[in-house]
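Reading the structure
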Amino acid sequence: KQWYQRRVRDRYLHTNCLATLANLSSKFHSFHPYVAEKLLNLFGNFVKKYGKLSAACGSGPETTEVQAAELSTLQDVIRTFLEVFNCTLCYSSRNNGALIYEMLHKRDLFSRFRTHPTLSEHLPNIDTVLGCLSD
């Protein structure tokens, strides 16, 4: 899957797969720890790629259309991931201890987007739930 993620830059494939997860996220029940870990690792890969690309676009005035389109795609993918996490925490947090455990361990992945204008809308709820559970 990671090979496919790196080689194929199909905006609609990633967006549609994640939109399916977002639609089902309110019904997630008893995530296996391996699945939770891999889901957050995939999210981490997109966050890392977004960070590198946004740094490259911000460092020089010569941002190409391809870079701008890829940055927009990554924002959509990250926003959908945040929707999945938010919905899962809102509707089925009691049944998904493994996912919450992984989110608590990789909490720093979310901190980058607290001040982002378009990606910060789901973070207050995610931070509130994780903050209550970490104490």
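Just above, that's the structure.
For every chain, the first residue of the written sequence is number 1, and numbering continues from 1 along that sequence. Totals for whole chains, interfaces and linings use all residues, but because this is a predicted model, local features are given only for residues with pLDDT of at least 70 and pairs of side-chain atoms are given and counted only at 80 or more. As a rule here, side-chain values cover all heavy atoms of the structure and leave hydrogens and water aside.

**Examining the packing of aromatic side chains**
- Geometry of aromatic contacts follows a simple scheme: Phe, Tyr and Trp rings, the Trp one being its six-membered ring, pair when their centres are within 6.5 Å, and the pair is stacked under 30 degrees between planes, edge-to-face over 60, tilted otherwise. Scanning the entire structure with this criterion turns up eight aromatic pairs.
- When the ring of Phe28 is compared with that of Phe31, the centres are 4.9 Å apart and the planes differ by 50 degrees; the resulting orientation is tilted. Just as Phe28 is buried, Phe31 falls in that class too.
- Look at Phe46 and Phe81: their rings are 6.0 Å apart centre to centre, the planes differ by 45 degrees, and that puts the pair in the tilted class. Highlighted residues: Phe46 in helix H3 (residues 33-59) and Phe81 in helix H4 (residues 65-92), separated in sequence by 35 residues.
- Clustering of aromatic rings is evident, with ring pairs tying together Phe43, Phe46, Phe81, Phe85 and Phe110. For each residue, the accessible area found with a 1.4 Å probe, counting protein chains only, is set against the maximum for its type, and the residue is called buried under 20%, exposed over 50%, and partly exposed in between. The helix and strand labels rest on DSSP assignments: H or I over at least four residues marks a helix, E over at least two residues marks a strand, and numbering proceeds from the N terminus.

**Re the environment of Asp127**
- Position of Asp127 among the secondary structure elements: in helix H7 (residues 123-134).
- Sequence separation between Asp127 and Arg114 is 13 residues, and the spatial gap between their C-alpha atoms is 9.6 Å.
- The contact criterion used is simple: two residues touch if any of their non-hydrogen atoms lie within 4.5 Å. Those residues in contact with Asp127 that sit more than four places away from it in its chain are Arg107 and Arg114.
- Distance and chemistry together define a polar contact, namely a pair of N or O atoms within 3.5 Å, with one atom able to donate a hydrogen and the other to accept it when in protein, and with adjacent residues in sequence counting only for side-chain atoms on both sides. In terms of polar contacts, Asp127 uses its side chain to reach the side chain of Arg114, at 2.8 Å.

**Comments concerning the packing of H4 against H7**
- Under this scheme, a helix contributes an axis fitted over its contacting stretch, all axes are lines through C-alpha atoms, and angles between N-to-C directions fall in the 0 to 180 degree range. One way to put it is that H4 packs onto H7 with a least axis distance of 9 Å and a crossing angle of 45 degrees. It follows from the interaxial angle that H4 and H7 lie oblique. Considering only the axes of H4 and H7, their crossing is left-handed. Contacts between H4 and H7 pair Leu82, Phe85, Asn86, Leu89 and Cys90 from the former with Leu123, Asn125, Ile126 and Val129 from the latter.
- When the residues that make up the contact of H4 with H7 are grouped by side-chain class, the tally is seven nonpolar, two polar and no charged. Each angle is binned into one of four classes, with values under 35 degrees roughly parallel, values over 145 roughly antiparallel, values of 65 to 115 roughly perpendicular, and all other values oblique. Left-handed describes a crossing in which the near helix is turned anticlockwise from the far one by less than a right angle; the clockwise case is right-handed. Residues are sorted three ways: Asp, Glu, Lys and Arg are charged, Ala, Val, Leu, Ile, Met, Phe, Trp, Tyr, Cys and Pro are nonpolar, and all the rest, Gly among them, are polar.

**Description of unusual backbone geometry**
- The phi dihedral of Ser30 falls on the positive side, at around 55 degrees, and the residue is not glycine.
- Mapped onto the fold, Ser30 is located in the loop between helix H2 (11-24) and H3.
- On the accessibility criterion, Ser30 (46% relative accessible area) is partly exposed.

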